[in-house]
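Remarks on the overall topology
For reference, the chains in residue letters:
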Amino acid sequence: MYRFLLTPRWWGINLFAVLAIPLCVFMGTWQLGRFEDRVQSHEQATKQPAPGARAAKPLDDLLPVDTVTSGRPATATGRYADQFLVPGRELDDRSGFYVLNMLRTDGGKALPVVRGWLPGKPGHTPVPAAPTGEVTVTGDLQASENTGTDGVDTAGGLPDGQLGIISAASLVNLVPYDVYDAWVTLQDTESGGAEGSALRPVPAVAPQGSGLDLKAFQNLGYTGEWFVFAAFVLFMWFRLVRREAEAARDVKLGLVPDTDADADTDTGTRTA
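Since we're looking at a predicted model, the values are computed, not measured.

Focus: the packing of aromatic side chains
Aromatic ring pairs are defined here through the distance separating the ring centres and the angle between the ring planes. Going through the model one piece at a time under the given rule, you end up with two aromatic pairs. Ring plane angle 85° and centroid distance 5.8 Å describe the contact between Trp 226 and Phe 229, whose orientation is recorded as edge-to-face. In this pair, Trp 226 and Phe 229 both sit in helix H3 (residues 214-253), three residues apart, roughly one turn of the helix. Owing to a relative accessible area of 25%, Trp 226 belongs among the partly exposed residues under this scheme. An angle of 80° between the planes, with centres 5.1 Å apart, marks the rings of Trp 237 and Phe 238 as edge-to-face.

Structure, rendered in structure tokens:
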């Protein structure tokens, strides 16, 4: 009854099912793994002690920035050089800007240091001067921003001295020296100078991909979709087999005419 499964037409159907079902299961499992990774990263981030409770380490010991080192206090020694203002940044639902200075280390490479936040717009709010001479800063380590980071401005057209995104890729085009692919945000704004108390510290943010955001639940949704596709392919294959088997049985019992035999008979009659 099931000899039809060996016909050329059914070979194609069987091959499709054999390939499609494992593919759907694999993709569903992969999406589920992505969701579990995000859940694990979120749990690790929530278990991390507060930045102030962790001992500071030299900057080079914490690079490159990852989900473990992001937010860790890092120390670096050097001299402040170029200063940039980063507009369009909010703090406590108020609009303002970051004050960022490049710290030239002894090795010549510069570390972007966000000394603090000020309300208003750049050019309209006085900015406290950065300390002069050699300084040692301690700030919470952060990864370079990207186009998906909240508050970044990728439209361009900013005045000189302003920066839309804090990233080494952008800064190397503005300064004549190498830049670390990371930045720190100072929590002790008194280190900003005699008037540093006017600056408000910028809280460190959790590393991207470590929270249960929309993307995490998208992964979970895609998991369900792929498993549903696999079940649908299997269901349709069984349904087609059952229908074909019932049709073959009806022909064998004479309940319906054998269309192939009738076609052969008609051909013979016309030939005669």
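Further notes follow.
Description of the confidence of the model for the protein chain
For the protein chain, per-residue confidence averages 82 on the pLDDT scale, and residues scoring 70 or more make up 79% of the total. In the model of the protein chain, helix H4 (residues 259-271) stands out as the element of lowest mean pLDDT, 48, in contrast to strand E4 (residues 110-119), which has the highest, 96. Counting interchain partners and residues more than four positions distant, the pLDDT-below-50 stretch residues 191-197 has 13 contacts.

Some thoughts on a nonpolar patch on the surface
Residues Leu 15, Val 18 and Leu 19 make up a contiguous nonpolar surface patch of about 310 Å² in total accessible area. Here Leu 15 lies in helix H1 (residues 8-47).

Structural notes on the nonpolar core
Of all hydrophobic cores here, the largest spans 18 residues; its most connected members are Phe 84, Tyr 98, Leu 100, Met 102, Val 114 and Ile 166. Excluding residues within four positions of it along the chain, Ile 166 makes contact with Val 86, Tyr 98, Leu 100, Pro 112, Val 114, Ser 144, Glu 145 and Trp 183. The next biggest cluster of nonpolar side chains, apart from the first, holds 15 residues, and it includes Ala 74, Tyr 80, Leu 103 and Val 135.

Focus on the environment of Phe 229
With a relative accessible area of 42%, Phe 229 lands in the partly exposed category. Along the backbone, Phe 229 and Ile 21 are 208 residues apart, and their C-alpha atoms lie at a distance of 7.9 Å.

Looking at the pairing of E4
Of all ten residues making up E4, nine are buried, and the element is well covered by its neighbours. Of the pairings in the sheet, the one linking strand E3 (residues 94-105) to E4 comprises nine bridges and is antiparallel in character. Looking at the pairing, Leu 103 lines up with Leu 111 of E4. Turn length for the E3-E4 hairpin, with the two strands adjacent in sequence and antiparallel, is four residues, and the turn residue Gly 108 shows positive phi of about 95°.

Calculation notes
- Residues numbered from 1 in each chain as written.
- Predicted model: local features only at pLDDT ≥ 70, side-chain atom pairs only at ≥ 80, totals over all residues.
- Heavy atoms only, no water.
- Phe/Tyr/Trp six-rings, centres within 6.5 Å; stacked < 30°, edge-to-face > 60°.
- Helix = DSSP H or I, 4+ residues; strand = E, 2+ residues; numbered from the N terminus.
- Buried < 20%, exposed > 50% of the residue type's maximum accessible area, 1.4 Å probe, protein only.
- pLDDT = per-residue confidence, 0-100.
- Contact = heavy atoms within 4.5 Å.
- Patch = residues over 30% accessible without salt bridge, like charges linked within 9 Å, V, L, I, M, F, W, Y side chains within 5 Å.
- Areas by Shrake-Rupley, 256 points an atom, 1.4 Å probe, with all protein chains shown as cover.
- Salt bridge = Lys/Arg side-chain N within 4 Å of Asp/Glu carboxyl O.
- Core = buried A, V, L, I, M, F, W, Y, C linked by side-chain atoms within 4.5 Å.
- Pairing = 2+ DSSP bridges.

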